[in-house]
Amino acid sequence: MVRVTYDSIKKKYGDTVAVEDIKVTVDDGEFAVLLGPSGCGKTTTLRCLAGLTEPTEGTIRLGDHDVTDVHPKNRNIAMVFQQFALYPHMNVWQNISYPLKVDGVDKETRRERAREVAEMVEIEELLDRDVGQLSGGQRQRVALGRAMIRRPAVFLMDEPLASLDAKLKVDMRSRIKVLQQDLGITTLYVTHDQEEAMTLGDKLIVMDDGNIQQVGSPDKVYHEPKNRFVAGFIGSPTMNFIEVERDGRTIRPVHGAAEFAVDLDDEVAARYEGHDRFEIGVRPQYFKLHTAQTDNAIRGQVKVTEPMGDEQLIDVLVGEDEDPLELTVKAPSTIDVARNDEVWLTIQQELIHGFDLDSGERIAEGGDQRQRVAASRAEAE
Amino acid sequence: MATEQDTAQPYGEQSDLEQLYERLVETGLAKLAVYAGLGVFLVWTLFPVYWLVTATLKTRETLLSFPPQWIPFDAQLGNFAALFAQRPEFFQFILNSVIVTIVTTIIATSIGAAAAYGFVAFDFPYNLDFHLPFYILSTRFMPPIVTIIPLFVIYRSFGLVNTLPGLILTYVMFNIPFAVWMMKGFFEEVPRSIVESAMIDGHTHVGAFVKIVLPLVKPGLIASAIFTIIITWNELLFAIILSQNASAMTIPVGLASFITKYSVQWVNMSVAGTIALVPVLVFAFVAREQLVSGFSMGAVQK
Ligand SMILES: Nc1ncnc2c1ncn2[C@@H]1O[C@H](COP(=O)(O)OP(=O)(O)O)[C@@H](O)[C@H]1O
Ligand SMILES: [Mg+2]
């Protein structure tokens, strides 16, 4: 149980920069999730902490100790791999207790401890099985057990649930969360699945292209994305991005779609003083769909609807030229629309974001962000 | 252009040949033919062994008689004792063969496995982890006989002619390329994350190699050991040049010595040949499961 500090970590493979400049601290007992698209350097970042990859530059500290050049075995960490990496020639209890065996603990104690840990991950009836006979979910529990048995200072997990089926994933997810909270062990968890990240993490570390894009709580990265990348990566379905020009309080898309002309409230318009051209980001649920003409609404045409139980996703085309704007809208399933129907969209303006076209940074919105959160929550209910 | 033929042939018409084949299967004749073929093959491969072993029970006359005596009625149990009485140095040959084979196998398999693991687990500069294994294999491209003269000269100046270490050194060089390539395939099957797990669980890399990786590639180790044993145990060419007296001669050299300018000592040769054959047979039989899984690879996946 210890604080983890990455200080300007860089890793190059030949000319490939896997990780460019990682600076982040994970506090004692915190559950941090490294989130980002495939190839962005999450695994490399994690492996540097494990000692399996040697950083090209920078230092890593566990507590106050610089461990950059310390062998993995001396770092007091445990790691769960996506491919489970169980020892195929040992049975379940031997696998779980192997770290103790290497430590020279006697067999009696090892078995006893393996039993305790197996109970925590609910596989006590499998202790004497060969790992070859286990299902994927069971194997992952064994891997978890093996990671836990030594009570390491830090848990590392690299997409541990990626190869499990959907239901098992959700199941294991909550188990991992509970175990982490009970044990209070500092955890770094890698995933490319934002839903997994949002549900598990105390702290999300959003990465892209070898760099950290934003660090913050799940709420923070969702409601106050630092830049366009984070805004687009977090949230499903993805936020709609529209490049707009501002004319007084009215915004219009830069490319075509004359039907899209929205008058902003004074308060919202004030945010974008000084930005004549920028990009707005609107999450699908921040649109409101109307079947009759409404004030300050965008006229569009339904392209396709995707029912999702209580809600539905509707792709709406705005503008009739060859290159219409395509917006994704989330609406209650009580609204009955079909392909080619005419619809009107209004925007919950206080919830939209604006992004600078050059830097991609979010344009500050001011005001109390928590109110925005509350507003969006209320909306969801 | 859909003709009648096209529509009538969703599953294809049976040709006469196919019909004939089906008839044969139905009547069990096909099976019979397969067994007959296998039977012929079995006799073809096993008969020489039978002939060799039964020859140890015959006299020179019955061995060479025509028509041949298929079964040795008048078993000459004294042939074994006679061999060692006439050629007491045969004890030495057997001992030499055993020592040379065991030591060679241990050294060649260990070095081969360690080298192969190095190539698989580490990135060498200049892509050498790719090029070096090929270079190692290439040492076996030329006919071994072309190296005999230079080797003999080198050995003479180092005092290695007529010594067991000299023979062992040659055989180790012989067998390493094969062991490296065999083991490389096995190590490639071991997921890297297992080795990394072992290091995180407290092993050094060497510890992880010995305690985790080696047990996983056991079928490969056994298969390369068996190959080394077979090659070394039966090697004649280098042994005959590099051993000039009984102190360093191996069984194959002893066998060859029954062929002299004036005659071939058939009975003694059969006896000695049987002695040479038995250990390899027994060993291969005991290890046959490992050998088979060694060839079918994928042995690590569970
Ligand atoms: N051992 C390696 N050799 C060369 N390039 C590597 C190696 N490991 C990772 N990379 C490269 O570094 C980048 C980041 O990889 P990785 O950390 O595995 O990303 P992620 O886990 O986020 O998918 C990728 O472009 C990958 O190709
Ligand atoms: Mg990865």
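Every chain is numbered on its own, with residues counted from 1 as its sequence reads. Written order determines the labels here, with chains lettered from A and ligands numbered from 1. Two thresholds apply to this predicted model, a pLDDT of at least 70 for residue-level local features and 80 or more for giving and counting side-chain atom pairs, whereas whole-chain, interface and lining totals are computed over all residues. Only hydrogens and water are set aside; all other atoms, that is, all heavy atoms of the structure, feed into the side-chain values.

A.B. asks: Describe the domain arrangement of chain A, with residues and values.
C.D. replies: Residues and elements named next belong to chain A. What the domain assignment reports for chain A is domain 1 (4-228) and domain 2 (232-380). In this complex, domain 1 contributes 17 residues to the contact, which on the side of domain 2 involves 20 residues. Buried area: the accessible area, evaluated with a 1.4 Å probe, that two parts lose upon being put together, summed over both parts. Each partner contributes to the roughly 1600 Å² buried at the junction of domain 1 and domain 2, and carbon and sulfur atoms together form 52% of this total. On the domain 1 side of the contact with domain 2, Tyr222, His223 and Arg228 bury the most area, a combined 44% of that side's loss. What counts as a salt bridge is simple: a side-chain nitrogen of Lys or Arg found within 4 Å of a carboxyl oxygen of Asp or Glu. Our count for the contact surface shared by domain 1 and domain 2 stands at 2 salt bridges. Between Glu361 and Lys226 there is a salt bridge; the shortest N-O distance is 3.7 Å. Any pair of nitrogen or oxygen atoms within 3.5 Å is treated as a polar contact; in protein, a donor-acceptor pairing is required on top of that, and neighbouring residues in sequence qualify only through side-chain atoms on both sides. Counting the contacts that link domain 1 with domain 2 gives 9 residue pairs in polar contact (both at pLDDT 80 or more). Strands are runs of DSSP state E lasting at least two residues, helices are runs of H or I lasting at least four, and both sets are numbered from the N terminus onward. Listing elements by their share of the side of domain 1 that touches domain 2, those giving two or more residues are helix H7 (194-200), strand E9 (203-208) and helix H8 (218-223). For this classification, Asp, Glu, Lys and Arg are treated as charged, while Ala, Val, Leu, Ile, Met, Phe, Trp, Tyr, Cys and Pro are nonpolar and the rest, including Gly, are polar. The residue inventory of the side of domain 1 that touches domain 2, partitioned by class, reads 8 nonpolar, 5 polar and 4 charged. Those domain boundaries reflect an automatic or database domain assignment. Two residues qualify as a contact provided that any one of their heavy atoms is within 4.5 Å of a heavy atom in the partner residue.

A.B. asks: I'd like a description of the interface of chain A and chain B, backed by residues and values.
C.D. replies: Interfaces are frequently sized by the accessible area removed from exposure as the parts join. Tallying the contact residues gives 25 residues for chain A and 18 residues for chain B. Regarding the contact of chain A and chain B, the summed buried area is about 1800 Å², with carbon and sulfur atoms giving 62% of it. For the pair chain A and chain B, the interface holds 2 salt bridges. Glu196 of chain B is the salt-bridge partner of Arg47 of chain A, the closest N and O atoms lying 2.7 Å from each other. Counting across the chain A and chain B interface gives 6 residue pairs in polar contact (both at pLDDT 80 or more). Of all the secondary structure elements, the ones that give two or more residues to the side of chain A that touches chain B are helix H1 (42-50), strand E6 (77-80), helix H3 (98-102) and helix H5 (136-148) of chain A. The residue inventory of the side of chain A that touches chain B, partitioned by class, reads 15 nonpolar, 4 polar and 6 charged.

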